[in-house]
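Here are the chains, one letter per residue:
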Amino acid sequence: MSAAAVAVDCPEQGYRQAVRDWIAGNFPRTWMPDRADYAAPVFAEQIAWERSLYEAGFAGFTWPRDYGGQGQTLVEQLVANEELGRVGLPDSLNGIGKDMIGPVILAVGTEAQKVRYLRNILTMRDIWCQGFSESEAGSDLAAVRTRATESGEGWIITGSKIWTSFAQHADLCLVLARTGDPALRHASLSMFIVPMDAPGITVRQIDQINGRANFCEVVFDDVRVDTDAVLGGVNQGWAGAGRVLEVERAINRMYRASLFENELRHLVAACRSDPRLSVLLDEPAYLDRLGACYSDIEVLRRLVRRTVLSLTRGGAINGEGSIIKLHWSEAHQRIAVLAREMLAQASRPLSTVTKRAIERFDELYLRSRAETIQAGASAVQLGIIAQRILKLPKT
Ligand SMILES: Cc1cc2nc3c(=O)[nH]c(=O)nc-3n(C[C@H](O)[C@H](O)[C@H](O)COP(=O)(O)OP(=O)(O)OC[C@H]3O[C@@H](n4cnc5c(N)ncnc54)[C@H](O)[C@@H]3O)c2cc1C
């Protein structure tokens, strides 16, 4: 694809400028992670910020207006995300709802489900979590053991999920459960919309190495849901779950390339500010690695733009999502490793600038270790690329 074809800037320049102006007037300066006076938003501030993003037209871009969406295209979504990434916006508390579950409800939900759930995702009234993975069913999702059994007026769900991000805040969970013979694997799975305050649900937060506890174990002990909790049909869960994961790998968080550039520029600025670190910026080995990181970012930007343009022309994601997922997660680790290595050589005592950079990249280093696992491990993405794109046999 030519450079001109991926340059979405041209026709959308006015829109891009409008987004930029809005961000300049509304994004709190102290939330910019490259500032020495950075202070992360607290929960209530984050909810209010995401609500204001929606009110300004920066959520639900492609969702129909009837369900609270903006009725726009993926190109507006991409442009707005690129601009938001430039300032280092905080991760959404409801990214799972906005980027993954909403699109699945739109694709396979009933009319009543669309009316009931979609607008509430965008307004942050309902926060969602994704209850797919289990201790023996992560990469091999078809091995899910959580079971849903039909009872007179609905279903009873029993089992447990692990690594359920944001379950501690969530109002609703999309649960993948077994509704038939386990030997049928993919063909006996269904998706259920489960309120997190239903009797029988226990949420246990898992302490992470970075001091946070953003994901959880969720136990379902005979949890009752109505028949209309099924999303996409009984025993039809695999196709819907596959769609969630495909979107997750390809086009969620379209701001990543801009955010990674924000990180790389932060690293360079921190180095320039410090007498010992600025010397490193003259060393060919570091220049090579900084240049390689920038190339990684540019490749990511172009991959995402290419996928967005293909989708707006009616194309499918297919194995492309795995290429993007593999690339961004591996590239992010390279940025984090390089940053930590350089910043470790900062002059002592640390200045406020280098101290802040070290805090940011220490956190990033730990977070990025999980990125090659979440949404499907790198080895799994390689397998998908080999099979779907190179058409090689399954081993
Ligand atoms: C930060 C984070 C957030 C997450 N959030 C959620 C969430 O909100 N909801 C949710 O449902 N899940 C979530 N997960 C779970 C995630 O989807 C799984 O961790 C992931 O699919 C890998 O599964 P696993 O951890 O069971 O590892 P396993 O499946 O046990 O795999 C272990 C390793 O074995 C190798 N491997 C496994 N299978 C293959 C194969 N076929 N070919 C080659 N190598 C293979 C891989 O290298 C892999 O790293 C999250 C995970 C993380 C790290």
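Residues numbered from 1 in each chain as written. Predicted model: local features only at pLDDT ≥ 70, side-chain atom pairs only at ≥ 80, totals over all residues. Heavy atoms only, no water.

Going by what an unreviewed UniProt entry lists, the protein chain is known as Alkylation response protein AidB-like acyl-CoA dehydrogenase and is assigned to Sphingosinicella soli. Under the UniProt heading Cofactor (unreviewed entry), the entry covering the protein chain gives this text: "FAD". In the Sequence similarities (unreviewed entry) part of its UniProt record, the protein chain is described as follows: "Belongs to the acyl-CoA dehydrogenase family." (UniProt positions renumbered as here; feature names shortened; annotations may be inferred.)

Caption draft 1: Molecular detail of the packing of aromatic side chains. By the definition in use, this model includes eight aromatic pairs. Here Phe-27 and Trp-31 contribute two aromatic rings whose centre-to-centre distance is 6.0 Å and whose plane-to-plane angle is 85°, an arrangement assigned as edge-to-face. Phe-27 sits in the buried class, given a relative accessible area of 2%. The buried category is assigned to Trp-31, whose relative accessible area is 8%. Ring geometry for Trp-163 and Phe-215: centres 5.2 Å apart, planes at 70°, overall edge-to-face. Remark: Phe-215 occurs in strand 7 (residues 215-226) and Trp-163 occurs in strand 3 (residues 154-165); sequence separation between them is 52 residues. A residue is classified by how much of its surface remains accessible, and Phe-215, at 23% relative accessible area, is partly exposed. (Phe/Tyr/Trp six-rings, centres within 6.5 Å; stacked < 30°, edge-to-face > 60°. Buried < 20%, exposed > 50% of the residue type's maximum accessible area, 1.4 Å probe, protein only. Helix = DSSP H or I, 4+ residues; strand = E, 2+ residues; numbered from the N terminus.)

Caption draft 2: Summary view of helix 13 (residues 378-389). The terminal C-alpha atoms of helix 13 lie 16 Å apart, and with 12 residues this matches the ideal 16 Å at 1.5 Å per residue to within 8%. Among all positions of helix 13, only Ser-378, Gln-381, Ile-384 and Ile-385 are buried. Down the axis of helix 13, the sector holding all buried residues measures 115°, keeping them to one side. For helix 13, the elements touching its buried residues are helix 7 (237-250) and helix 11 (320-343). (Expected span 1.5 Å × (residues − 1). Arc of directions from axis to C-beta. Contact = heavy atoms within 4.5 Å.)

Caption draft 3: Quick peek at unusual backbone geometry. Between Arg-348 and Pro-349 the backbone carries a cis peptide bond, its omega angle lying at -5°. One can find Pro-349 in the loop between helix 11 and helix 12 (352-371). Of note, Met-124 is a non-glycine position whose phi angle comes to about 70°, a positive value. Mapped onto the elements of the fold, Met-124 is located in the loop between helix 6 (111-122) and strand 1 (128-131). Its identity is not glycine, yet Arg-185 carries a phi of approximately 50°, on the positive side. With respect to the secondary-structure elements, Arg-185 resides in the loop between strand 4 (172-178) and strand 5 (189-195). Of the residues examined, Arg-185 reaches a relative accessible area of 31% and is grouped as partly exposed.

Caption draft 4: The arrangement of the site of the ligand in detail. Taken together, 17 residues lie near the ligand, and Gln-130, Ser-133, Ser-139, Trp-163 and Ser-165 sit nearest. For the ligand, whose free accessible area comes to 970 Å², the fraction covered by protein is 63%. Of all the elements in the fold, those that place two or more residues in the shell around the ligand are strand 3 and helix 13. Broken down by element, the shell around the ligand gets its largest block of residues, three residues, from strand 3. Its residues assigned to classes, the shell around the ligand comprises 10 nonpolar, seven polar and no charged. The residue makeup of the shell around the ligand includes at least three contributed by each of domain 2 (128-235) and domain 3 (244-389). (Near = heavy atom within 4 Å. Areas by Shrake-Rupley, 256 points an atom, 1.4 Å probe, with all protein chains shown as cover. Nonpolar A, V, L, I, M, F, W, Y, C, P; charged D, E, K, R; others polar. Domains from an automatic or database assignment.)

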